[in-house]
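Breakdown of the fold
Now for the letters of each chain:
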Amino acid sequence: SSGINAEYGGVIEMFVDIFPKCREIPPPINITPRAPQDLELRAIIWNCSDVVLSDVSITGEMMSDIYVKGWLKGQDKKQRTDVHYRSLNGEGNFNWRFIFPFEYLPAEEVMVIKKREHFYSIDKHEEKHECVFCVQIWDNDIFQSDDFLGVLELNLNRMPKPSKFAKTVSLDDLIDNDKGKEVQVISLFDQKNIKGWWPSYCDYDPSIPRELTGKIEMELEVLTKEDAEAKPAGRARDEPNENPRLKPPDRPATSFSWFTSPWKSIRYILWANYKWYIIGGLILLLIIAFILIFMYSLPGGVADKLLNKFT
C-alpha cells in the first residue's frame, strides 16, 4: 500500500489446499524431505597408456613421472596414486584404489553434501550436486610445480561406455565430442560396476579442439553402505586389501626416482646410455697411467745402466 517502502525480500515456495466444509478433510500429506542414501564409490586406477611426455631426462629422452588424482565434484577431497617414475612410453601402472563415501538422492539423481558455510558456522547447510567423478593425470616434479597432463570427467548417471582396449580409445568416445557423434551411455547406479578404458584430454583454450593426452583404465563400482561393510576394502593397497585384492604394479626396472635412488641412476641411466664411453675412458686412463709410470721410472733405469757400465 502507499506509504510503505516495499523492498524485495526473497521468494517463498509453498502449496495450499482448500477443502469445502461439506466434505471430509483427508489426512495430511507427509512432506518430510527425502532422506539421501549412504553410498560408496570405489574407483580402481589400473593403468595409463599413451600419456604425453612432458619432461626431458638428463640423457635427452622424453619422459614423464605419472600419477593420477581423483575426486567427486563438490566434495573436493582429492585422492592420488603413487608415482610411476620415468615413463618413457606414456605407460603408467598403479593398481590403486580410491574410496569416496557420499550421500545420494535417487529421485533427483544428485549428491547431497553437507558443509558449513563458514569455518565459524555452527549448523551445516545442504548442497546438491551432480555425481561427477573427476580424474586428472599429472607429471610429478621435485623442484617445481607439477605439470597437468589431462583430465576426464564422468557423470555417474550418464557416462560414456568405456572401451575394452586402449588402442580403440579416442576423444570420439566422450559424450560431448567435437564431431557430435552419438555414443552409448550408461548409469553406474544401474550397472553397479564397470571396467574399461577412457580418454583423457587437455582443453586449456576452448577455441582450440581438444587434444588426446592419455588413456586411463579404471574400474568403477558403487555400493550401498551395507554392501560396503559386507565387502570391505582399503584405500590404495592398504588393508583390508580385498574385493578385489590389488597386487603391487609390475613396473619396469627403470621406474624409480633418481633423487632417492642414486645407485639405480648410475646403473640404468649413466651405465645403460654411456657404458662404452665409460669403458673407453677407463681404458684411456689405464694407458695414460701406464705411460706416466713408464716415464717416471725411465730416468732411474737409464741412470742405473750408466752406473753399471762405468763400474
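As a starting point, this report considers the structure included with it. (Residues numbered from 1 in each chain as written. Predicted model: local features only at pLDDT ≥ 70, side-chain atom pairs only at ≥ 80, totals over all residues. Heavy atoms only, no water.)

The next point concerns the pairing of strand E14 (residues 211-224). Among the 14 residues of E14, 11 are classified as buried, and the element is accordingly described as predominantly covered. In this sheet, E14 lies alongside strand E13 (residues 193-202) in antiparallel orientation, the contact comprising 10 bridges. Of the residues in E14, the one forming a bridge with Ile194 is Leu220. (Buried < 20%, exposed > 50% of the residue type's maximum accessible area, 1.4 Å probe, protein only. Helix = DSSP H or I, 4+ residues; strand = E, 2+ residues; numbered from the N terminus. Pairing = 2+ DSSP bridges.)

Let's shift gears to the nonpolar core. Judged by nonpolar contacts, the single largest core of 43 residues is most densely connected at Phe102 and Phe133. For this core, the element with the highest residue contribution is strand E6 (residues 92-105), accounting for 6 residues. (Core = buried A, V, L, I, M, F, W, Y, C linked by side-chain atoms within 4.5 Å.)

What follows covers the environment of Arg251. Looking at the secondary structure, you find Arg251 in the loop between helix H2 (225-230) and helix H3 (262-310). Along the chain, Arg251 and Phe94 lie 157 residues apart, while their C-alpha atoms are 8.7 Å from each other. Separated by 3.3 Å, the side chain of Arg251 and the backbone oxygen of Val83 make a polar contact. (Polar contact = N/O pair within 3.5 Å; in protein donor to acceptor, adjacent residues only side chain to side chain.)

The phi torsion of most residues other than glycine is negative, and most of the peptide bonds are trans. Here the bond from Glu239 into Pro240 is cis, since omega is 0°, no more than 30 degrees from zero. Turning to its location among the elements, Pro240 is positioned in the loop between H2 and H3. Along the chain, Asn243 connects to Pro244 via a cis peptide bond; the corresponding omega equals -5°. Along the chain, Pro244 turns up in the loop between H2 and H3. The phi dihedral of Asn243 falls on the positive side, at around 60°, and the residue is not glycine. The topology assignment puts Asn243 in the loop between H2 and H3.

Another point: a negative patch on the surface. A surface patch of negative charge is lined by Asp38, Glu226, Asp227 and Glu229. It is H2 that provides the largest number of residues to the negative patch, a total of 3 residues. Residue placement: Asp227 occurs in helix H2. (Patch = residues over 30% accessible without salt bridge, like charges linked within 9 Å, V, L, I, M, F, W, Y side chains within 5 Å. Areas by Shrake-Rupley, 256 points an atom, 1.4 Å probe, with all protein chains shown as cover. Salt bridge = Lys/Arg side-chain N within 4 Å of Asp/Glu carboxyl O. Lys, Arg positive; Asp, Glu negative; His and termini not counted. Charge placed at Lys NZ, Arg CZ, Asp CG, Glu CD.)

Before going further, it helps to spend a moment on the packing of aromatic side chains. For any two aromatic rings, the description comes down to two numbers: the centre-to-centre distance and the angle of the planes. Counted under the stated rule, the structure contains 6 aromatic pairs. Between Phe102 and Tyr104, the ring centres sit 6.4 Å apart and the planes meet at 75°, which makes this aromatic pair edge-to-face. Taking relative accessible area as the criterion, Phe102 reaches 5% and is therefore assigned buried. Using a relative accessible area of 4% as the deciding quantity, one classes Tyr104 as buried. Connected via pairs of aromatic rings, a cluster forms that spans Phe98, Phe100 and Phe133. Lys69 extends its terminal NZ or CZ atom over the ring of Trp138, reaching a point 4.5 Å from the ring centre. The aromatic ring of Tyr67 is capped on one face by Arg80, whose charged end is 3.7 Å from the ring centroid. (Phe/Tyr/Trp six-rings, centres within 6.5 Å; stacked < 30°, edge-to-face > 60°. Lys NZ or Arg CZ within 6 Å of the ring centre and 35° of its normal.)

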